[in-house]
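Tertiary structure, described
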Amino acid sequence: MPSFRSEPILWIHVAGLATLPIFLVLCLLFLSVGDPLLPMWMELFLVAAIGIVPLLWIQLRRPFYIFAILGIALKPENLTERQRKILCLINTKLNRMLSLLAAVLLVWVLWHLYQVAPMVANVAKFLPQWRSLGLLLAALAFLASNLFLQIPVSVARILVTNDTDFAAAEPLSLEKIKQDFTILGVRVNRILPRLDLEVKTEE
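Residues numbered from 1 in each chain as written. Predicted model: local features only at pLDDT ≥ 70, side-chain atom pairs only at ≥ 80, totals over all residues. Heavy atoms only, no water.

**Some points on unusual backbone geometry**
When glycine is set aside, most residues are seen to have a negative phi, and most peptide bonds are trans. Positive phi values are uncommon outside glycine, yet Leu70 reaches one of about 50°. Residue classification places Leu70 among the exposed residues on the basis of a relative accessible area of 86%. (Buried < 20%, exposed > 50% of the residue type's maximum accessible area, 1.4 Å probe, protein only.)

**Brief notes about the sheet that holds strand β1 (residues 68-69)**
What the three strands build is an open sheet, ordered β1-β2-β3; its pairing is mixed. A single partner strand is all that each edge strand has here, and the edge strands are β1 and β3 (186-188). The sheet contact formed by β1 and strand β2 (residues 72-74) spans two bridges and is antiparallel. Looking across to β2, one finds that Ile69 is bridged to Ile72. (Pairing = 2+ DSSP bridges. Helix = DSSP H or I, 4+ residues; strand = E, 2+ residues; numbered from the N terminus.)

**Examining the nonpolar core**
Of all hydrophobic cores here, the largest spans 30 residues; its most connected members are Cys27, Leu31, Val47, Leu110, Leu113 and Phe142. Excluding residues within four positions of it along the chain, Val47 makes contact with Leu31, Leu110, Leu135, Ala138, Ala139 and Phe142. Of all hydrophobic cores here, the second largest spans 29 residues; its members include Ile9, Leu10, Phe166 and Leu172. (Core = buried A, V, L, I, M, F, W, Y, C linked by side-chain atoms within 4.5 Å. Contact = heavy atoms within 4.5 Å.)

**Structural notes on the packing of helix α2 (residues 20-31) against helix α5 (residues 93-116)**
Between two packed helices, the angle of one axis relative to the other and the distance separating the axes together describe the packing. Two numbers describe how α2 lies on α5: the axes approach to 9 Å, and their chain directions differ by 45°. With respect to α5, the axis of α2 lies oblique. The hand of the α2/α5 crossing is right-handed. Contacts between α2 and α5 involve Leu24, Cys27, Leu28 and Leu31 from the former and Leu106, Val109, Leu110, Leu113, Tyr114 and Val116 from the latter. Split by residue class, the contact of α2 with α5 holds ten nonpolar, no polar and no charged. (Axes fitted to C-alpha atoms, helices over the stretch in contact; angles between N-to-C directions. Parallel < 35°, antiparallel > 145°, perpendicular 65-115°, else oblique. Left-handed = near helix turned anticlockwise from the far one by under 90°. Nonpolar A, V, L, I, M, F, W, Y, C, P; charged D, E, K, R; others polar.)

**Things to note about helix α3 (residues 40-61)**
Within an α-helix, residues lying three or four positions from one another point in the same direction, as the helix has 3.6 residues per turn. For α3, with 22 residues, the first-to-last C-alpha span of 31 Å sits near the 32 Å given by 1.5 Å per residue. The sharpest bend along α3 reaches about 35° and sits at Ala49. For α3, the set of buried residues is Glu43, Leu44, Val47, Ala48, Gly51, Ile52, Leu55, Leu56 and Gln59. Buried positions along α3 lie against α2, α5 and α6 (131-159). (Expected span 1.5 Å × (residues − 1). Bend = angle between axes of the 7 residues up to and from the residue.)

See the structure below:
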C-alpha cells in the first residue's frame, strides 16, 4: 500500500504556501495607499481582525476539511481509510496550537509591513488613494495570506508524522467528519484521478 505521504492533496496544499509572499506583498501595497485616517494601532487592529479572526476561529472550532480545492470537495463518504486517518491527525490539539502560532507569526509580519508601507507609497500611486479602500483590500489580502499559511501548516504536520503514529491513528467516522470539519465547496465523487484510483484500490 502506498505511503500516506503520497496523497496528492497534501502536496497541493503545501504548494499553496508559495502564494503567501504574493498576498503579503499585496497587503503591503494596499497598506501604503493614502494617508492614515486612524491611529496606527486601530488600523492594525482592523486589518488583523479581518485577516486573522475568521480563519483562526474555524481552525480552532471546526478545522478546514483538507480534501477540497478551488471550491470542490471530495464527498466524505468517498474517503478511504487512509484519508480518514489523515483527518484524525488534522483534528488534534497540536494542530490547533500550530494554528495559534501561525496567527501570531502573521500578526508580527503585519506589524513590520505597516512600518515599511510608507516606503513603498510611490509604487502604489497607480491605485485610488482612498485609505478606507486600501485598508479593506489590505485586510482581504491578509486574510488570503492567513489561509495559505494555516492550511499548509496543518498539512505539513501530517507529512512529518512517523509511520508508526500514523498506523496507530483511528480513522474518523463519517458522522465525526461531518460534525468536526468545515467542508466548503461543491461535493463531488472525485477531485483528482489518482485519488479515485486509490479509492478503487483500497476497496
